[in-house]
Amino acid sequence: MEKSVKGLDLNIENDLLKIIFSVILLIIAHFVASDKIRVFVFIAAYVFAGLEVYKEAFEGIKNKDFFDENFLMIIASLGAMTIGQFEEAVSVMVFYSFGEYMEDKAVDSSRDSIKDLLDLKIDYVNVYANGSYEKKLPGQVNIGDKILINPGEKIALDGKIVKGDTTVDQKNLTGESIPIEKNVGDLLMSGSINLDGSIVVKVTKKYEDSTYSKIIELVENSDTGKSKTEKLVKRFAKIYTPVVTLTSVVVAFVMPFVFGGEFKDWIYKALVFLVASCPCAIVLSVPLCYYASISKASKEGILVKGGNYLDNFRFANHFVFDKTGTLTKGEFEIIDIISDDLENTKKYAYIAENRSNHPIAKAITNNFHYNFDNDKITDYKDIRGKGISLKYDNENILVGNHKLLDEYNISYDYSEDATDMFVVVDGKAIGKIVLGDTPKESSKYLIEILKSQNKKITMLTGDNKSASESIANQIGISDYRYSLLPQDKIKFIEDFKKSNDTVVFFGDGVNDAPSLKIADVGISMGAAGEDAAIESSDIVFLNDDMKNVLDLIKITKKLKKIVTQNFVFALSVKLLVLTLNLIGYSSMWAAVFADAGVALLCVLNAIRLMKD
Ligand code: ADP
Ligand code: MG
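Residues numbered from 1 in each chain as written. Chains lettered and ligands numbered in written order. Predicted model: local features only at pLDDT ≥ 70, side-chain atom pairs only at ≥ 80, totals over all residues. Heavy atoms only, no water.

Assignment of secondary structure puts Glu153 in the loop between strand 3 (146-149) and strand 4 (159-163). Buried within the structure, Glu153 lacks any salt-bridge partner; its nearest side chain of opposite charge belongs to Lys135, at an N-O separation of 6.6 Å. In this view, Glu153 contacts Tyr124, Asn126, Leu148, Ile193, Asn194, Asn357 and Asp531; residues no more than four positions away in its chain are not counted. (Helix = DSSP H or I, 4+ residues; strand = E, 2+ residues; numbered from the N terminus. Buried < 20%, exposed > 50% of the residue type's maximum accessible area, 1.4 Å probe, protein only. Lys, Arg positive; Asp, Glu negative; His and termini not counted. Salt bridge = Lys/Arg side-chain N within 4 Å of Asp/Glu carboxyl O. Contact = heavy atoms within 4.5 Å.)

Spatially, the six strands line up as an open sheet ordered 2-1-3-9-4-7, and their pairing is antiparallel. Only two strands of the sheet have a single neighbouring strand rather than two, namely strand 2 (132-136) and strand 7 (187-188). Across two bridges, the pairing between strand 4 and strand 7 is antiparallel. Across the sheet, the residue bridging to Gly159 is Leu188, located in strand 7. (Pairing = 2+ DSSP bridges.)

Right, let's talk about a nonpolar patch on the surface for a bit. Together, Val249, Val250, Phe253, Val254, Phe257, Val258, Phe259 and Phe263 line one region of the surface with nonpolar side chains, adding up to about 800 Å² of accessible area. For the nonpolar patch, the secondary-structure elements that each account for two or more residues are helix 7 (228-253) and helix 8 (255-259). Looking at where Val249 falls in the secondary structure, it is placed in helix 7. (Patch = residues over 30% accessible without salt bridge, like charges linked within 9 Å, V, L, I, M, F, W, Y side chains within 5 Å. Areas by Shrake-Rupley, 256 points an atom, 1.4 Å probe, with all protein chains shown as cover.)

Around ligand 1 there are 20 residues in total, and Asp322, Glu353, His358, Thr461 and Asn511 lie nearest to it. Computed on the free molecule, ligand 1 has an accessible area of 550 Å², of which 98% lies beneath the protein chains in the complex. Contributing elements (two or more residues each) for the shell around ligand 1: helix 12 (323-327), strand 14 (387-392) and strand 16 (419-425). Residues that form the shell around ligand 1 fall into these classes: three nonpolar, eleven polar and six charged. (Near = heavy atom within 4 Å. Nonpolar A, V, L, I, M, F, W, Y, C, P; charged D, E, K, R; others polar.)

The next subject is the coordination of the magnesium ion (ligand 2). Protein ligation of the magnesium ion (ligand 2) involves Asp322 (OD), Thr324 (O) and Asp508 (OD), the donor distances falling in the range 2.1 to 2.3 Å. Mapping the donors of the magnesium ion (ligand 2) onto the primary sequence yields the spacing D-x1-T-x183-D. Residue Thr324 is located in helix 12, and its partner Asp508 is located in the loop between strand 20 (503-507) and helix 19 (513-518); the two are separated by 184 residues in the primary sequence. The two residues Thr324 and Asp508 agree in class, both being buried. (Donors = N, O, S within 2.8 Å, 3.2 Å for Na, K, Ca; no water.)

Let us look at the packing of aromatic side chains. What the rule picks out here adds up to 17 aromatic pairs. For the ring pair Phe259 and Trp266, a centre distance of 6.1 Å and an interplane angle of 25° mean the geometry is stacked. Relative accessible area serves as the criterion here: at 60%, Phe259 is assigned to the exposed category. Given the relative accessible area of 14%, Trp266 is considered buried. Look at Phe313 and Phe319: their rings are 6.1 Å apart centre to centre, the planes differ by 85°, and that puts the pair in the edge-to-face class. Take Phe313: its relative accessible area is 3%, and that puts it in the buried class. A relative accessible area of 1% places Phe319 in the buried class. Above the ring of Tyr380, the side-chain terminus of Arg355 is found at 5.7 Å from the ring centroid. When the ring centre of Tyr445 is taken as reference, the NZ or CZ atom of Lys547 above it lies at 5.5 Å. (Phe/Tyr/Trp six-rings, centres within 6.5 Å; stacked < 30°, edge-to-face > 60°. Lys NZ or Arg CZ within 6 Å of the ring centre and 35° of its normal.)

Such coordinate-based values are descriptive only and should not be taken to indicate function.
This is the structure in structure tokens:
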């Protein structure tokens, strides 16, 4: 993979060299006294500038795409040469190739930064060795190793389940988002997400050969999720280019019979028409505008998975947030432990949370520590929005909120204050751990600004009333809904969408994954968020910084502005040159400017999106 990226770079630099050569030859041509030699120098310049264009046009023809911009450029330049306009022919090629070069370079650099971001998320694998699990890089795991995969984690390597059962989300691989049950003996594909059970898997393939590595390659090379504007431009060019070509043929070979005049003049007019009306300014610059914006976003720590999400985001009027880990830091403090059996409360909480990625789990495992036997854990289930159930040494353990206890009909002394977590052993509540979380600084700031822009704001959380109320008040959110299960969150988002809101949903947990998928734009927290959420989202905030919303607003506004500028500018220059051509002021130089010059300016304008 590395190699191919470097190979591409080399190619691009070669392209630039060819263009520079061509320009040097173009200058030398001016100092050549002999006409014959000058033509020879021009042709050499033409070959340097045009080689890539010919190659690409040939590729196009192989793919049955006859009328692409490359093809237009070739007809135009060849035509110009047949009527002796050598310098113009070379210039068309030089400008066009340079535009393509700039575009390639911009696309490449943004693709690289996106790739870097993706690689960040293949962090570690829990590998079994000498009685315990060690964290290793996926590349260090061997065939036959046993790995532990906890709920919410991405399955990093292909393998077979040897212990536990679970459901997995294979959407990345199959496009099918319905979770699939997996039991002992079933094969798992890397790249899918382990949803609710904790499982031990025997690895069957090295990381390099794994399905997941293949997917990363795919993401790098695909342009899925192209924006509507981009698709529109491609379709427009498909019709526009043949029409332009045909019209110029008519101008060259029919007009002389209708209006009289010299063939040579009409051919010249036709070529001016052909060159001036080539749509490459638009075709080149629109996709580039999206790439440049995505690349700019990535510099701010925002991973955008496709141009269309930028469009959707621009229309967003309803901002919906998960609470824990999204608006709050997700760094719970243990405020109190209420129990007559303190040691066992802490111990069982520790055993249960040791495999969870929930922010609450992190607080527990950071604060307590107990040695226990991993092999004694069976039937481990992460019940989203509620807590955890498992068997330890054949004792039934529950750790979670009042909803979990209600589900199992367990009585408890429940006074609602902060985020509560009960510990239940064999049907008896033995203690309660009270936890508290604080809002991110960036959340307060963001909500203030969104309010001033009259956006709708809603907080959806699985936590209880008092904890939610306290956080909502601190951040300044008046519309908050609490004690929600994942399916309740989905329901709210569907309702918002039905009332014609364009909804952006922000979340960090596995429980948010379905909501992230159905929102118009799903945004996940890349640092503390769980893999399932990150995979299901369209945009990832790699530093979990809510101020990134404001960056996105700025980026999408600027994107719209620059795409519009390019459209208006390109079309008006083209119309001007075409009108002049029609009324008798034909100039190949004007046409070259209207086409390649404008394309270049549009590309440069697009590159501005990468800057501040
Ligand atoms: P939010 O929607 O605010 O991000 P979640 O849906 O992740 O919250 O969780 C909702 C509630 O479910 C938590 O407040 C907690 O009471 C309970 N819960 C979820 N996971 C766990 C866990 N691993 N341990 C204990 N309680 C949990
Ligand atoms: Mg959350």
